[in-house]
Amino acid sequence: LGICYPVSIFFIVVNEFCERFSYYGMRAVLVLYFRFFFRWDDDLATSIYHAFVALCYLTPILGAIVADSWLGKFKTIIYLSIVYAIGQIVMAVSAINDLTDADRDGTPDNMSVHVGLAMLGLFLIALGTGGIKPCVSAFGGDQFDDHQTRQRSTFFSVFYLCINGGSLLSTLITPILRGQECGIHTQQKCYPLAFGVPAALMVVSLIVFIAGSGMYIKAKPKGNIMMDVCNCIGFAINNRFRHRSSKYPKREHWLDWADEKYDKLLIAQIKMVCRVLFLYIPLPMFWTLFDQKGSRWTLQATTMDGTFGSLVLQPDQMQTVNPILILTLVPIMDRVVYPLIKKCGFNFTPLKRMTVGMFLAAMAFVSAALVQIQIDETLPVFPSASESQLKIVNMASGQMNITIPPQQPFALGSEQVQHILCSLMKNKPSQSFSNSFLSHCCHSSACMLELGVLNCGNAIVEVEDIKPNTVHMALQIPQYFLITAGEVVFSVTGLEFSYSQAPSNMKAVLQAGWLFTVAVGNFIVLIVAELAKLPQQWAEYVLFASLLVAVCIIFSIMAYFYTYVDPAEIEAQFTRKDEMEPEEKEKNTIELEEKDFKQDQKEKLGKTKM
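Residues numbered from 1 in each chain as written. Predicted model: local features only at pLDDT ≥ 70, side-chain atom pairs only at ≥ 80, totals over all residues. Heavy atoms only, no water.

Where an unreviewed UniProt entry is consulted, the protein appears under the name Solute carrier family 15 member 1a, with the organism given as Astyanax mexicanus. UniProt, in its Sequence similarities (unreviewed entry) section for the protein, records the words "Belongs to the major facilitator superfamily. Proton-dependent oligopeptide transporter (POT/PTR) (TC 2.A.17) family." Under the heading Subcellular location (unreviewed entry), UniProt records this for the protein: "Membrane". (UniProt positions renumbered as here; feature names shortened; annotations may be inferred.)

Structure (C-alpha cells):
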C-alpha cells in the first residue's frame, strides 16, 4: 500500500468514516429528540430538523472560500473540526435529563436551557460539517501526483464507500443506544448516549487527522474561483446597467459586458457554468422530498409495528434501508441497468436519467401516502384541540366515546352525569351526547368514575384504550426503495453531468451550486410544514408528490432544449488564439469611455437648459 498509495490517505479515509458516523448518527435520532424530549409537535420538529440540514448545506460555500483564499485546506479542516466536536459535545449535554431536574421527578425543570444548548450545538455542528465538506475530499486528492490518476480514482471510490459505511453503521447503532434507558435520578430514553457516541467519534476523527499531519502535502491557498466568478458576473451586470442606453451596441451575451476587464477565456468558462446552473433551478424540489426520510418518514414509523420475530426495530433504524440500498443499487445500475438500456438502442442521456429520478421520488411519496392511509385506519380517533373526550364502559353493552363540546363544560365526576351515562349505556352503547342533554340527568350514586374509566354496576374489567400499532414497518420498504433508486439515478448522474459540462477549474462552483439546491429544498419543507397545515398527513405526501411531478415536467422541457458541449474543446479555441488582442481590447475600452463621457456631457447640458 505504501508503494502504490501515499500513506497519508489512510488518515484521511479514517477521518472521513468517523466524521460521517458522527454526523449521520446524530441526525438519525434528531427528529425523535425534538418530538419526544422537547415535546414539540410533528410540524415544529420537522421544521427545525430541516432548518438544520439546510444550514449544513449552506456552510460549505463559506468553508471553500476560507480554505482557498485564506487558511488552506489543512488548517480549515483542523479548526472547523474542533468547532464540530464542540458542537457534538454540547448536543450530548443538552440531552442530559438530570441537568435541570432539581426535584428529580423525571421532567426537566427548565426546558429552555436544554433547547438553548441544543440549538447552539446544532449551529456549531452545521458550521463544522458544512465547512469541512468541500475540503476533505479535495485535500485527499492533493496527496497524489499528476501521474497517479488510477490511484486517485481508487481513493475517491474508497472515500465514498467510507461515507456510506459510516452512514449505515451509525443509523443502525445510534437508535439502539437511544432506545436504552439511563439517568442519574430517573431512567429515561438515553439520548445523551445516542449523541455522546457520535461526539466521541468526531473527537477520534480529529485526533486521527492531526496524527497524519507530518505526512500530508499541504498546498497553499491559491485564491477561490467562486470569488472570481462572482466578481466577473457583478462587473458584467453593473457595466450593462451603466450602458443600457440604445446608443450602445448590443452584445451577443450579457456576460460579454465583462469583456473590458476580464479575460475572454474566463468569460467563456462562466457562460458554460451558467448554462448548467440554469438547469439547477428545478432541482431543489427533489431534495425537498428526499430529506424527509429523516423527518416525516421517521415520525411515520413511530406509529407502526417494528417487531421482526424476537427483534424489535426502532423507528429511526428504518433509515438504514437507504445506505444498504445505495451500496446495492449503484453497481447494479452501472453494470446491468444502464448497459442493458444502451443495448436496447435507447439514448438514456444524463438529463433523462435525472428526470426519471425525480419521478421515482414522487412515486415514493405516493407510496408513503398509501401507507399513511392504512395507518390512519388503525389509529384511535382523538378529539380536536377544542374538544374533550370521555370513554365509558358498560359490562353488558360494550363501550362508547362521548365527545364533549367546549361551550358548556361540566364536571366529569358529578353523580348526575355518571347516572345518566350508565343508564344510556344499557341501550345506546355508541352515541355522542351534548352537554345540554347531560345537564338534565338525575341524581344517583350507581356509578363511579375511577382512573378515567366509568364503571357501571359492581363489575370492573381491564380496558385497552389504545391498541398497539398493527401496521408493520416493512410497508415502508417500497417507499425507501423508490426514493433510493431515485437518488442513485438523480444524484450520481447529476454530479456526473455537471462535471462533464463545466471547465475543470469551475467544478468547485458547480459543487457549491449543487449543495445550494439541497439547502433550498430543505427550506421548502420548512415552509410547507409551517404554512400548509394540512389536516391529514397523507394529503401532505400527495401534495409533495404532485409538486415534484410538475417540476419533473418542467425539467424535462428544459432538458429537451439543452445542447451538450465539450468544455475542453471550447477552452482550446481560446488557448490557440485569443479572439481579441490586448491592444484591441484597450482600444474598445477607450472608445466606450469616450461614449460615456459624451453621454454625460449631453445629460448635464440638458439639465442646464431645463
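(A) A look at the overall build of the protein. Looking only at helices and strands, the protein features 20 helices and eight strands. Expressed as a percentage of contacts within the protein between residues at least 6 apart in sequence, the contacts between residues at least 24 apart total 80%. For the protein, the accessible area works out to roughly 30400 Å², and carbon and sulfur atoms hold 62% of it. (Helix = DSSP H or I, 4+ residues; strand = E, 2+ residues; numbered from the N terminus. Contact = heavy atoms within 4.5 Å. Areas by Shrake-Rupley, 256 points an atom, 1.4 Å probe, with all protein chains shown as cover.)

(B) A look at helix α8 (residues 225–242). Taking 1.5 Å as the rise per residue, α8 with 18 residues should run 26 Å; its terminal C-alpha atoms sit 26 Å apart, in good agreement. Among all positions of α8, only I225, M226, V229, C232, A236 and N239 are buried. Of the surrounding elements, those touching the buried residues of α8 are α3 (42–71), α9 (264–279) and α17 (507–531). (Expected span 1.5 Å × (residues − 1). Buried < 20%, exposed > 50% of the residue type's maximum accessible area, 1.4 Å probe, protein only.)

(C) Looking closely at the pattern of salt bridges. Tallied over the entire structure, the rule returns ten salt bridges. Between D142 and K73 there is a salt bridge, with its nearest N and O atoms 3.3 Å apart. Placement of D142 in the loop between α5 (111–141) and α6 (149–179) and of K73 in helix α4 (residues 73–94) is noted, with a sequence separation of 69 residues between them. Relative accessible area serves as the criterion here: at 25%, D142 is assigned to the partly exposed category. Where E540 meets R296, a salt bridge forms, and the shortest distance between an N and an O atom there is 2.9 Å. Placement of E540 in helix α18 (residues 537–560) and of R296 in helix α11 (residues 296–301) is noted, with a sequence separation of 244 residues between them. (Salt bridge = Lys/Arg side-chain N within 4 Å of Asp/Glu carboxyl O.)

(D) Expanded view of the confidence of the model for the protein. With 79% of its residues at a pLDDT of 70 or more, the protein shows a mean pLDDT of 81. Here residues 402–418 is a poorly scored stretch, pLDDT under 50, and it has 42 contacts once near neighbours within four places are set aside; other chains count. In this model residues 424–458 is a low-confidence stretch, pLDDT under 50, and it forms 79 contacts with partners more than four residues away in sequence or in other chains. (pLDDT = per-residue confidence, 0-100.)

(E) Main features of the nonpolar core. Counting residues in hydrophobic clusters, the biggest one holds 132 residues, and the most contacted among them are L30, Y33, F34, F52 and F195. Broken down by element, this core gets its largest block of residues, twelve residues, from helix α13 (residues 350–378). With sequence-adjacent residues up to four places away left out, F52 is seen in contact with Y23, M26, L30, L122, I125 and A126. (Core = buried A, V, L, I, M, F, W, Y, C linked by side-chain atoms within 4.5 Å.)

(F) Region of the structure containing a nonpolar patch on the surface. Judged by side-chain polarity, I89, V93, I96, L99, V113, V203 and I207 come together as a nonpolar surface patch covering roughly 500 Å² of accessible area. Broken down by secondary-structure element, the contributors of at least two residues to the nonpolar patch are α4 and α7 (191–211). Relative to the helices and strands, I207 is located in helix α7. (Patch = residues over 30% accessible without salt bridge, like charges linked within 9 Å, V, L, I, M, F, W, Y side chains within 5 Å.)

(G) Expanded view of the state of the cysteines. For the coordinates displayed, the defined rule picks out one disulfide. Between the sulfur of C182 and that of C190 lies a disulfide, 2.0 Å long from S to S. Classification of the bridge connecting C182 and C190 rests on its S-S torsion, roughly 105 degrees, and on that basis the disulfide is right-handed. Relative accessible area serves as the criterion here: at 5%, C190 is assigned to the buried category. The structure places no disulfide on C162, whose sulfur is separated from the nearest cysteine sulfur, that of C18, by 9.3 Å. (Disulfide = S-S within 2.5 Å.)

(H) Focus on the packing of α6 against helix α12 (residues 321–343). Look at α6 against α12: their axes get within 8 Å of each other, and the N-to-C directions meet at 150 degrees. Every pair of crossing elements has a handedness; the one defined by α6 and α12 is left-handed. Across the interface between the two elements, L161, N164, S167, L168 and T171 from α6 touch P323, I324, I326 and L327 from α12. The residue makeup of the contact of α6 with α12, split by class, is six nonpolar, three polar and no charged. (Axes fitted to C-alpha atoms, helices over the stretch in contact; angles between N-to-C directions. Left-handed = near helix turned anticlockwise from the far one by under 90°. Nonpolar A, V, L, I, M, F, W, Y, C, P; charged D, E, K, R; others polar.)

(I) Just the environment of I477, in detail. Relative to the helices and strands, I477 resides in helix α16 (residues 477–500). We classify I477 as partly exposed; its relative accessible area is 41%. Residues I477 and N322, 155 residues apart in the sequence, show an inter-C-alpha distance of 9.5 Å.

(J) Quick peek at unusual backbone geometry. At R39, a position not held by glycine, the phi torsion is positive, near 65 degrees. Note that R39 resides in the loop between α2 (30–37) and α3.

(K) Region of the structure containing α18. Look at α18: 35 Å from first C-alpha to last across 24 residues, which is about the 34 Å you get at 1.5 Å a residue. The set of residues buried in α18 consists of E540, Y541, F544, A545, L548, V551, C552, F555, M558 and A559. For α18, the elements touching its buried residues are α9, α10 (284–290), α11, α13 and α17.

(L) Representation of the side chain of Q501 within the structure. One can find Q501 in the loop between α16 and α17. Judged by its relative accessible area of 4%, Q501 is buried. When sequence neighbours within four positions are dropped, the list of residues in contact with Q501 reads M272, V276, Y562, T563, Y564, V565 and P567.

(M) Main features of the side chain of Q292. With respect to the secondary-structure elements, Q292 resides in the loop between α10 and α11. Residue Q292 is classed as buried on the basis of its relative accessible area, which comes to 0%. When neighbours within four sequence positions are excluded, Q292 is seen to be in contact with H50, W297, F365, V525, E540 and F544.

(N) Focus on the packing of aromatic side chains. Taken as a whole and assessed by the stated rule, the structure comprises 42 aromatic pairs. Centroid distance F74 to Y216: 5.9 Å. Interplanar angle 55 degrees. Geometry classified as tilted. Of this pair, F74 sits in helix α4 while Y216 sits in the loop between α7 and α8, and the two are 142 residues apart along the sequence. This pair shows no difference in class: F74 is buried, exactly as Y216 is. A centroid spacing of 5.1 Å and a plane angle of 85 degrees characterise the contact between F286 and W287, whose relative ring orientation is edge-to-face. Summarising the burial analysis for this pair, F286 and W287 share the class buried. A network of ring pairs unites the aromatic residues Y33, F34, F37, F38, W40, Y191 and F195 as a single cluster. Over the ring of F74 we find K218; its NZ or CZ atom is 4.2 Å from the centre of that ring. Geometry around W257 places R251 over its ring, the cationic atom sitting 4.1 Å from the centre. (Phe/Tyr/Trp six-rings, centres within 6.5 Å; stacked < 30°, edge-to-face > 60°. Lys NZ or Arg CZ within 6 Å of the ring centre and 35° of its normal.)

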